Amino acid sequence: MKIKSSVLEFKNSSLPLPKLSIIGKTFLVLFPLLCVLCSCTKFTISLSEQQLQEEINKKFPVQKSYLSTFNVTFREPKVKLEEGSDRLNFSFVSQLDGTRLTRQTFDGLVEISGKITYVPETGELYFTDPVIHTFKFSYMPEMFSQQVNEILTLGVTELLNRIPIYKLGSKNTNEAVAKFIIKEVKVKDKHLHIVLGL
């Protein structure tokens, strides 16, 4: 109440209003904007299955050789978003050529999921910490199954850890969210929603 009274008295007086400097005028213009920017502590990125699929496709196909015995080819990735999940799921075909040891080639399906990590320095989102949920092979002799599982686990971890899935579009945007961290990851309406915040 006291502040309101003093303002009224000042306006009704015969004294001229003080002139604002350029800095003062600039401050009055920018102050509301600064207040809005300071209140914006969240930044949401929404990625569709198609967008994620396009990024994952860039990593495949890939070939690896292990123990000079098995040659493994990973190909045909397929992204699958599960409603309500906080992880990114996808599967891919795995072809294991063990002709040097078993004289056979094995085709299988690998299903995995992973977390999303944000790197402020580059403004990139990465697929990390892959977890293998399923190995499905058309046929695998029992005597080789354990060794093959170990090889594929190693191969998948090396291949898929830190796959870039999204990069913020502009330098200004990168600088604006440079100190942000991931607050929430959730699949909703067939989109992966990633909330960044302070």
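Up top you'll find the structure we're talking about.
All of the points below concern the structure found in this document.

Reading guide: rules and limits
- Sequence order as written defines residue numbering, which begins from 1 separately in each chain.
- Totals for whole chains, interfaces and linings use every residue, but because this is a predicted model, local features are given only for residues with pLDDT of at least 70 and side-chain atom pairs only at 80 or more, for both listing and counting.
- As a convention, hydrogens and water are excluded, and side-chain values are obtained from all of the structure's heavy atoms.
- By the criteria applied, helices consist of DSSP H or I runs no shorter than four residues and strands consist of E runs no shorter than two, each listed in order from the N terminus.
- Between two residues, a contact is recorded if the distance between any of their heavy atoms is within 4.5 Å.
- In short, Shrake-Rupley with a 1.4 Å probe defines the accessible areas, and a residue's cover is counted only from the protein chains shown.
- Type-normalised accessible area, obtained with a 1.4 Å probe on protein chains alone, sets the label of each residue: buried when under 20%, exposed when over 50%, and partly exposed for intermediate values.
- To obtain the arc, one takes the directions from the helix axis to the C-beta atoms.
- Should DSSP find at least two bridges between two strands, the strands are regarded as paired.
- Axis definition: a line fitted to C-alpha atoms, over the contacting stretch in the case of helices. Angles run 0 to 180 degrees between N-to-C directions.

Some details on the overall build of the chain
Regarding its fold elements, the chain presents five helices and nine strands. What you see in the chain, going N to C, is helices and strands ordered as α-α-β-α-β-β-β-β-β-α-β-α-β-β. Contacts spanning at least 24 positions in sequence make up 58% of the contacts within the chain whose residues lie at least 6 apart. Carbon and sulfur atoms provide 56% of the accessible area of the chain, an area that totals close to 13000 Å².

Considerations on helix α3 (residues 49-57)
Taken together, the buried positions of α3 are occupied by Leu52, Gln53 and Ile56. For α3, the angular spread of the buried residues around the axis is 105°, confining them to a single face. Contacts made by the buried residues of α3 are with β1 (42-48), β3 (70-80), β4 (88-97), β7 (163-167) and β9 (191-197).

Some remarks on the sheet that holds β1
Taking strand neighbours across the sheet as the criterion, the three strands line up as β1-β9-β8 in an open arrangement whose pairing is antiparallel. Strand pairing shows two members of the sheet lacking a second neighbour, β1 and β8 (181-188), which therefore form its edges. Here the average twist between neighbouring strands, direction ignored, is 20°. In this structure, β1 lies alongside β9, joined through seven bridges in antiparallel fashion. Looking at β9, one finds that leucine 47 is bridged to leucine 192. In the packing of α3 onto the sheet, the strands contacted are β1 and β9, and the crossing angle to β1 comes to about 80°.

Things to note about the side chain of serine 91
Looking at where serine 91 falls in the secondary structure, it is placed in strand β4. Look at serine 91 and you get buried, because its relative accessible area is 16%. When neighbours within four sequence positions are excluded, serine 91 is seen to be in contact with Glu76, Pro77, Lys78, Leu109, Val110 and Glu111.

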